[in-house]
Amino acid sequence: MAGPKYKKTIATDSLQNLIANIGTGTDRVSKSKFVPDNFFSNEELAGMYMGWLGRRIVDLVPDEALKKGWTVVCPSWTPDKIDILDAYVQNRLELPEKINEALKGSRIFGGAIILSIVDSRYGSFNNPIPDFLPKNSLLGIQMYDAWQCYPSLLNFTNPLAKNYRNPESYTIGASGMMVHNYVKNKNGDIQEEFIQGTLVNWTRVQRFQGSWLPWYARQRNLYWGQSILSSSYEAVRNAKGVDASIASLLFRASVPVMKVQDLAGIIADPEAREAFLERVNLLNYGMSNNNMAIIDQEETLESFEPGAISNLDSILERYYILVSTATGIPVTKLIGESARGLNATGEGDLNNYYDMLEDYQKQVVKPALMDMYKKWIVPSLFDELIPKDFDITFPPLERVSPKDKQQADSEFVNMLTQCLDAGLIDKKVARREIHERGVFNNFNQEDIDRIEGEEDDNEIEPQDAMDAMDRKLTDDELEELDDLDEIIENEENENLRLRLILLRSKLREKGEEAALEYIRNEDMLSEYFQANGYSNGTPEE
């Protein structure tokens, strides 16, 4: 006996209300759906970028992420070696400019590459190059965005390869163009050779990709990521449309209306119509705030005003907030609009934005830089691999104003001084904390090493600073320095205040000799004491 037959149905969970017509077949909202059709041509994306808003969306993040550059950190290298590397990267390769262009190209078109130009020992550009270049083989680098280079062959066969499901080669430029190859002659001069072909092997490029896309959407986008302009296209289009509509509306704020008797009869007669139009043109030409309008006694000229135009700024601001949401850039950064509302500072939005910038530096910029230093730059320049302690760091982003930073640095130094006085930390820890925080621009690791190298193991026993000054200073000078804590507290110049705090620490720790030497070496302190009546800029011994 055959079992019961069941009809196959698709189970769906949704809200329905037959009385309110919500979720039913006749509900208009239920007919809305998402489709993957937001793929735009490169021409449209380039045109969108050439507008001020599109350019702002694309340029702001790379420019601010690279505004202060980056720092190569390698304790196993000498400072001179790092300086040579920095000069080579900055001047010869122009890497900061190239990587900035690549980041912008990936945000506009969804992808970009930096091509390594090496000498001809490896033949055509379609031939692979080793993981680490030989010495002096890297001649330069160039950037190409996704509009200039197209994936040719894809790697679907080796899932362990770095380029799995990515191109094996790229076609740069138009089909059939002549690709340059570069060689050095016997004199060391670079010469050009021409190679028939357009393919570039993937080992010769550093790939930059836009936002992540699902696999099949990535296939439709020629295996590149998503452009930031395409994901924010609707929000930008609506904001620009509202902006243009408001500008057009302002032109129509007052419309002159002329009432003419038997207008239909005038228009029906060709000769009368021509004469009437000429008369209207003359009338329109002469109308202004300073001229009068002359009309017939039976005609009427009125001004039609559609009504008071208000809240346009709020409407436009709302659309720019949507653009800010779509791009992750605060309105305060996007269009320079200050935060509104009671006690609104925009500090929370800016902190989120700077967090996003730091993630962008760590997840996008730094991996690409480390890869290029590892494969191309260091091996070609020094004929060696990068050490294990090689690293790239980015200067801290400016989250606070210079005044707030000075105040915070002053409080930080005060805290260190209290910890020193209490014996919780020693001088070496304090110096390194000050250096890592960046309190002084010109206080670097070399200064720390020099100071620690000059310190004598047999330090002078600490003595009370005021007692030491009592034996050496005159009564007038003693009155000026009798309460150093009060002087520090009342000093408005933050840089001088920090130096006075360090002077107080010197006096208490090492005595008068070290304090006077510190004063002589600090121009700001010398000028301060000289201005307050001390000869030669220091207290007389």
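Let me sum up the structure you'll find in this document. (Residues numbered from 1 in each chain as written. Predicted model: local features only at pLDDT ≥ 70, side-chain atom pairs only at ≥ 80, totals over all residues. Heavy atoms only, no water.)

Let's shift gears to a negative patch on the surface. A contiguous patch of negative charge on the surface is contributed by Asp80, Asp83, Glu446 and Asp449. Taken together, the elements giving at least two residues each to the negative patch come down to helix H3 (79-92) and helix H15 (445-454). In this structure Asp449 comes out as partly exposed when scored by relative accessible area, which is 44%. (Patch = residues over 30% accessible without salt bridge, like charges linked within 9 Å, V, L, I, M, F, W, Y side chains within 5 Å. Areas by Shrake-Rupley, 256 points an atom, 1.4 Å probe, with all protein chains shown as cover. Salt bridge = Lys/Arg side-chain N within 4 Å of Asp/Glu carboxyl O. Lys, Arg positive; Asp, Glu negative; His and termini not counted. Charge placed at Lys NZ, Arg CZ, Asp CG, Glu CD. Helix = DSSP H or I, 4+ residues; strand = E, 2+ residues; numbered from the N terminus. Buried < 20%, exposed > 50% of the residue type's maximum accessible area, 1.4 Å probe, protein only.)

We now examine the sheet that holds strand E9 (residues 205-209). Strand order across the open sheet formed by 3 strands is E3-E2-E9, with antiparallel pairing between neighbours. Each edge of the open sheet is held by one strand with a lone partner, namely strand E3 (138-145) and E9. Across the sheet, the axes of successive neighbouring strands diverge by a mean angle of 15 degrees, strand direction being ignored. Contacting strand E2 (111-118), E3 and E9, helix H4 (residues 95-109) runs over the sheet at an angle of about 145 degrees to E2. (Pairing = 2+ DSSP bridges. Axes fitted to C-alpha atoms, helices over the stretch in contact; angles between N-to-C directions. Contact = heavy atoms within 4.5 Å.)

Burial runs high along E9: 4 of the 5 residues are buried. Sheet topology note: the E2/E9 ladder contains 5 bridges and is antiparallel. Bridged to Leu115 within E9 is Val205.

What follows is about helix H10 (residues 312-327). End to end, H10 covers 23 Å across 16 residues, agreeing with the expected 22 Å (1.5 Å per residue, within 8%). Regarding H10, the residues found buried are Leu312, Leu316, Tyr320, Val323, Ser324 and Thr327. Mapping the buried residues of H10 onto a view down its axis gives an arc of 110 degrees, with all of them on the same face. Exposed side of H10, more than 90 degrees from the buried face: Arg318 and Thr325 are the residues found there. Buried residues belonging to H10 abut helix H2 (52-65), helix H6 (228-231), helix H7 (233-251) and helix H11 (331-334). Looking one or two places after H10, you find Gly328, whose phi comes out positive at around 80 degrees. (Expected span 1.5 Å × (residues − 1). Arc of directions from axis to C-beta.)

Another point: the pattern of salt bridges. Under the definition given, this model contains 8 salt bridges. In this structure, Asp391 and Lys366 form a salt bridge, with 3.0 Å as the shortest nitrogen-oxygen distance. Taken together, the residues Asp391 in strand E12 (residues 391-393) and Lys366 in helix H12 (residues 347-382) connect sequence positions 25 residues apart. A salt bridge links Lys375 to Asp371; the shortest N-O distance between them is 3.4 Å. Residue Lys375 and its partner Asp371 are located together in helix H12, separated by 4 residues, close to a single helical turn. Its relative accessible area of 15% is what places Lys375 among the buried residues.

Looking now at unusual backbone geometry. In this structure, Asn136 takes a positive phi of about 60 degrees despite not being glycine. The topology assignment puts Asn136 in the loop between E2 and E3. For Asn136, a relative accessible area of 43% gives the class partly exposed. Unusually for a residue other than glycine, Asp383 sits at a positive phi of about 60 degrees. Along the chain, Asp383 falls in the loop between H12 and E12.

Along its 14 residues, H3 runs 19 Å from first to last C-alpha, staying within 8% of the 20 Å computed at 1.5 Å per residue. Inspection of H3 places Lys81, Ile82, Leu85, Tyr88 and Val89 among the buried residues, and these make up the whole buried set. The buried residues of H3 occupy an angular sector of 125 degrees when projected down its axis, which confines them to one face. Turned more than 90 degrees away from the buried face of H3 sit Asp80 and Asn91, all of them exposed. Where H3 ends, the next residue or the one after it, Glu94, has phi of about 55 degrees, a positive value.

Attention now moves to the packing of aromatic side chains. A complete count under the given rule lists 10 aromatic pairs for this structure. When the centroid spacing of 5.5 Å and the interplanar angle of 75 degrees are considered together, the rings of Trp77 and Phe382 count as edge-to-face. Placement of the pair is Trp77 in the loop between strand E1 (71-73) and H3 and Phe382 in helix H12, with a sequence separation of 305 residues. Residue classification places Trp77 among the buried positions, given a relative accessible area of 8%. Residue classification places Phe382 among the buried positions, given a relative accessible area of 17%. Taken together, a centroid distance of 5.7 Å and an interplanar angle of 50 degrees make the contact between Trp215 and Tyr223 tilted. Accessibility classification places Trp215 together with Tyr223 in one group, the buried group. (Phe/Tyr/Trp six-rings, centres within 6.5 Å; stacked < 30°, edge-to-face > 60°.)

Bringing the sheet that holds strand E5 (residues 167-172) into the picture now. Taken together, 3 strands build an open sheet; the order of strands is E4-E5-E8 and the sheet is antiparallel. Of all strands in the sheet, those bounded by a partner on one side alone are strand E4 (149-154) and strand E8 (199-201). In this sheet, adjacent strand axes meet at a mean angle of 35 degrees when their direction is disregarded. The sheet contact formed by E4 and E5 spans 5 bridges and is antiparallel. Within E5, the position partnered with Pro151 by the bridge is Tyr170.

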